[in-house]
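Residue-level structure breakdown
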Amino acid sequence: MRIRTIILAASLIIGAVGPLWARTSDKSAAQKPFTLVLDPGHGGKDSGCVGDISNEKTIVLNVAKMLGEMVKEAYGDSVKTVFTRNSDTFISLQERANIANRAGGDFFVSIHVNSVDKRSPGRRNITGASVYTLGLHKSENNLGVAMRENAVMELEEDFSETYQGFDPNSSESYIIFELSQDANIKQSLEMASLMQGQLTGYAGRADKDVRQAGFWVLWSTSMPSVLVELDFICNPQAERFLASKNGQKKCAEALFRAFKEYYRHHRPNAS
Ligand SMILES: [Zn+2]
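If you're wondering where the values come from, they're calculated on a predicted model, not measured in any experiment.

Notes on helix α10 (residues 245-266)
Counting along an α-helix, one turn takes 3.6 residues, and residues three or four places apart therefore face a common direction. Taking 1.5 Å of rise per residue, the 22 residues of α10 would be expected to cover 32 Å, and the 31 Å separating its terminal C-alpha atoms lies within 8% of that figure. Burial in α10 covers these residues: G247, Q248, C251, A252, E253, A254, L255, F256, A258, F259, Y262 and Y263.

Description of helix α7 (residues 185-201)
Helix length check: α7, at 17 residues, gives a terminal C-alpha distance of 24 Å against a target of 24 Å (1.5 Å per residue), a fit within 8%. Buried residues of α7: S188, M191, A192, L194, M195, Q196, Q198 and L199, and no others. At its buried positions, α7 is contacted by β3 (107-114), β4 (129-134), β5 (207-213), β6 (225-232) and α10.

Regarding the coordination of the zinc ion
Tetrahedral coordination by four donors places them ideally at 109.5 degrees to one another around the metal; octahedral coordination by six donors ideally gives 90 or 180 degrees. Every protein donor of the zinc ion is listed here as H42 (NE2), E56 (OE), H112 (ND1), E149 (OE) and E149 (OE), and their distances to the metal cover 2.0 to 2.5 Å. Spacing between the donor residues of the zinc ion along their common chain follows H-x13-E-x55-H-x36-E. A residue pair is termed long-range when its members are at least 10 positions apart, and E56 in helix α2 (residues 56-75) and E149 in helix α4 (residues 140-150) qualify at 93 residues. Accessibility classification places E56 together with E149 in one group, the buried group.

A word on the pairing of β4
Of all the 6 residues making up β4, 6 are buried; the element is thus mostly covered by neighbouring parts of the structure. The alternating pattern of β4 places A129, V131 and T133 and S130, Y132 and L134 on opposite faces, both of which are buried. Sheet topology places β4 next to β5; 5 bridges connect them, and they run parallel. In the sheet register, A129 faces β5, and the bridge partner there is D207. Summarising the sheet, β4 and β6 pair through 3 bridges and their orientation is antiparallel. The residue bridging S130 from the neighbouring strand is E229, located in β6.

Some remarks on the side chain of R85
Secondary-structure assignment places R85 in the loop between β2 (79-83) and α3 (93-102). One buried charge, R85, has no salt-bridge partner; the nearest side chain with opposite charge is D88, at 4.5 Å. Of the polar contacts made by the side chain of R85, one reaches the backbone oxygen of H42; its length is 2.6 Å. Reaching out from R85, the side chain makes a polar contact with the backbone oxygen of S87 at a distance of 2.9 Å. In contact with R85, other than residues within four places in its own chain, are P40, G41, H42, G43, K57, V60, L61, I91 and R96.

Let's talk about the packing of helix α9 (residues 236-243) against α10
The geometry of a pair of packed helices is captured by two quantities: the angle between their axes and the separation between those axes. Where α9 meets α10, the closest approach of the two axes is 4 Å, and the angle between their N-to-C directions is 80 degrees. Put simply, α9 runs roughly perpendicular to α10. Across from F241, L242 and A243 in α9, the residues of α10 making contact are K245, G247, Q248, K250 and C251. Here the contact of α9 with α10 is composed, by residue class, of 4 nonpolar, 2 polar and 2 charged.

About the cut-offs
Residues numbered from 1 in each chain as written. Predicted model: local features only at pLDDT ≥ 70, side-chain atom pairs only at ≥ 80, totals over all residues. Heavy atoms only, no water. Helix = DSSP H or I, 4+ residues; strand = E, 2+ residues; numbered from the N terminus. Expected span 1.5 Å × (residues − 1). Buried < 20%, exposed > 50% of the residue type's maximum accessible area, 1.4 Å probe, protein only. Contact = heavy atoms within 4.5 Å. Donors = N, O, S within 2.8 Å, 3.2 Å for Na, K, Ca; no water. Pairing = 2+ DSSP bridges. Lys, Arg positive; Asp, Glu negative; His and termini not counted. Salt bridge = Lys/Arg side-chain N within 4 Å of Asp/Glu carboxyl O. Polar contact = N/O pair within 3.5 Å; in protein donor to acceptor, adjacent residues only side chain to side chain. Axes fitted to C-alpha atoms, helices over the stretch in contact; angles between N-to-C directions. Parallel < 35°, antiparallel > 145°, perpendicular 65-115°, else oblique. Nonpolar A, V, L, I, M, F, W, Y, C, P; charged D, E, K, R; others polar.

Put into structure tokens, the structure is as follows:
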């Protein structure tokens, strides 16, 4: 009888504590902010692509900062933005991914500006935005973009050790991206398509499509991710747009509009 009373008392306590604990847990899960990692490419000794009047590292930092401000203003504490860099400093590709992974990011957006080789005859006319997700390139052009962005690792000492022998200039190295299973591809493609739509529709960039290629930063981040190429700095008209405050604002707004839509799909009950 006494034992039964104790069991009854214990189950009453558990019964009382259980739902309370569950409620607290649900509440904290609902309140956990969405973590958006913004990765302005290049920085410091690495200028990225260089045009006639501007360079990639400055343009993408400005765009990322504007985007961060827009997100902060719209969402307050509901969305936490984490920057891989917020000044003109050199951060390795692996460290960018480490920052995102440590922050437990819900989405990783790497922002870049495109260019083509100086020997390429059509380089002053080529124009348009492309948003990349991780995958095996379907064309030599896409491979070329990934090779250029990945080649930044060569600026690091001991890069071959850090990147486990990956050679950014050898197409054979890119086989690892074919073999990898990307669990986040669905969300990555969804964001890529939203951003591509806004960069072309809202920011008026020509449409160079959503594409796939093997970018190290996308491969080593453990969350949905995209790499945005805003437009071509080697095209004088596109460069004037990218280098202008208004052009940068348009690009940031385009990315923000895409993020808003993505967030609405994935956090329908959030404020
Ligand atoms: Zn770049």
